[in-house]
Amino acid sequence: EAGVAQSPRYKIIEKRQSVAFWCNPISGHATLYWYQQILGQGPKLLIQFQNNGVVDDSQLPKDRFSAERLKGVDSTLKIQPAKLEDSAVYLCASSLVRQGRSSNTEAFFGQGTRLTVV
Amino acid sequence: AQSVTQLDSHVSVSEGTPVLLRCNYSSSYSPSLFWYVQHPNKGLQLLLKYTSAATLVKGINGFEAEFKKSETSFHLTKPSAHMSDAAEYFCVVSRQMNYGGSQGNLIFGKGTKLSVKP
């Protein structure tokens, strides 16, 4: 089974530029997450989608970050304009939605996109 | 509100000796707890999870963790360390949501870096 795919793997941009990341979740996973992992810290949830609707975006800096999940499959995360403190690894994850007591709804993570803002 | 605290930022052991990575949690609900591992330049991988079934949870690669409600702890152990265990380990609690859709809305600890000496 194919895992969560992310691209690009690495990106270097100057501050105030824009950048976009792409994620393709595991087939059949209705829930998709974007996490930000700053060096030396644990990942922090930015946004959670279920199908193409936003479930939780309470920690997304909405003045510069945006995300969409058209058609409930692939997703893009955009930063515009980027700041130095946005340098981090951006992780995408996906999971099934609970259906019954035996559903396994653990999150599966992609390898991430490492963003460096200079 | 939920949180996890990893008590050690770095643990160093010799190959063949036991591993203990400590984690305390805080939750006003019955928590779902996880341990994830992150090898350099690789994605996050689920080691094991506790979801209110057996308090002793067995995971992959010989790791296990015990949920102790009285101590609010979920420590990760392994009887004998292997060189390939060297990685960053994250204790994680699932954020309680108003719907029971999935277990991917996660709060990560700051991580414990495990080093294994030959």
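To be clear, the structure that these remarks concern was listed above.
Structural notes, computed from the coordinates. What you see is a predicted model; the values in this text were computed from it and never measured. (Residues numbered from 1 in each chain as written. Chains lettered and ligands numbered in written order. Predicted model: local features only at pLDDT ≥ 70, side-chain atom pairs only at ≥ 80, totals over all residues. Heavy atoms only, no water.)

1. With respect to the environment of H82 of chain B
All names here are of chain B.
And step 1. With respect to the element layout, H82 can be found in the loop between β9 (73-78) and β10 (87-94).
And step 2. Sequence-wise, H82 and S32 are 50 residues apart; in three dimensions their C-alpha atoms are separated by 28 Å.
And step 3. One polar contact links H82 to S84, side chain to side chain, over a distance of 2.9 Å. (Helix = DSSP H or I, 4+ residues; strand = E, 2+ residues; numbered from the N terminus. Polar contact = N/O pair within 3.5 Å; in protein donor to acceptor, adjacent residues only side chain to side chain.)

2. What to know about the side chain of S75 of chain A
Residues and elements named next belong to chain A.
And step 1. You can see S75 is positioned in strand β8 (residues 75-79).
And step 2. Under the relative-accessibility criterion, S75 is labelled buried at 1%.
And step 3. At 2.9 Å, the side chain of S75 and the backbone oxygen of E68 are in polar contact. (Buried < 20%, exposed > 50% of the residue type's maximum accessible area, 1.4 Å probe, protein only.)

3. Overview of the pairing of strand β5 (residues 33-38) of chain B
Residues and elements named next belong to chain B.
And step 1. β5 sits mainly inside the fold: six of its six residues count as buried.
And step 2. Alignment of β5 against strand β6 (residues 44-50), held across six bridges, turns out to be antiparallel. Its bridge partner being in β6, V37 is matched across the sheet by Q45.
And step 3. Counting the residues in the hairpin turn of β5 and β6 gives five residues, including N41, whose phi is positive at 60°. (Pairing = 2+ DSSP bridges.)

4. A look at the nonpolar core
And step 1. Core analysis: the largest hydrophobic core is formed by 27 residues, its most contacted members being W35, L48, L76 and Y89 of chain B.
And step 2. Other than its neighbours up to four places away in sequence, L48 of chain B contacts L33, F34, W35, V57, K58, G59, F63, E64, A65, F74 and L76 of chain B.
And step 3. Within the second largest apolar cluster, 21 residues are counted, among which are L32, I47, L60 and L77 of chain A. (Core = buried A, V, L, I, M, F, W, Y, C linked by side-chain atoms within 4.5 Å. Contact = heavy atoms within 4.5 Å.)

5. What to know about the interface of chain B and chain A
And step 1. Of the residues lining the interface, 22 residues belong to chain B; the matching set on chain A comes to 29 residues.
And step 2. A buried area of about 1,800 Å², summed over both sides, lies between chain B and chain A, and 45% of it is on carbon and sulfur atoms.
And step 3. Taken together, chain B and chain A are joined by zero salt bridges.
And step 4. Put simply, the parts of the chain that give the side of chain B that touches chain A at least two residues each are β5, β6 and β11 (106-108) of chain B.
And step 5. With three residues, the top contributor of residues to the side of chain B that touches chain A is β6 of chain B. (Buried area = accessible area lost by both parts, 1.4 Å probe. Salt bridge = Lys/Arg side-chain N within 4 Å of Asp/Glu carboxyl O.)

6. Overview of the state of the cysteines
And step 1. This model, assessed by the stated rule, comprises two disulfides over all chains.
And step 2. The disulfide partner of C23 of chain A is C92 of chain A, and the S-S distance across this bridge is 1.9 Å. An S-S torsion of about -70° defines the bridge between C23 of chain A and C92 of chain A as left-handed. Remark: C92 of chain A occurs in strand β9 (residues 88-95) and C23 of chain A occurs in strand β3 (residues 19-24); sequence separation between them is 69 residues.
And step 3. Taking the relative accessible area as the measure of exposure, C92 of chain A reaches 0% and is therefore buried.
And step 4. Each sulfur in the disulfide pair C23 of chain B and C91 of chain B lies 1.9 Å from the other. An S-S torsion of about -70° defines the bridge between C23 of chain B and C91 of chain B as left-handed. With C23 of chain B in strand β4 (residues 23-26) and C91 of chain B in strand β10, this residue pair connects regions lying 68 residues apart in the sequence. The pair C23 of chain B / C91 of chain B is uniform in exposure class, with both members buried. (Disulfide = S-S within 2.5 Å.)

7. Here's the deal with the pairing of strand β1 (residues 3-6) of chain B
All names here are of chain B.
And step 1. Residues of β1 alternate between two faces, with V4 and Q6 buried on one and S3 and T5 left unburied on the opposite face.
And step 2. The pairing of β1 with β4 spans four bridges and is antiparallel. Directly across from V4, in β4, lies its bridge partner Y25.

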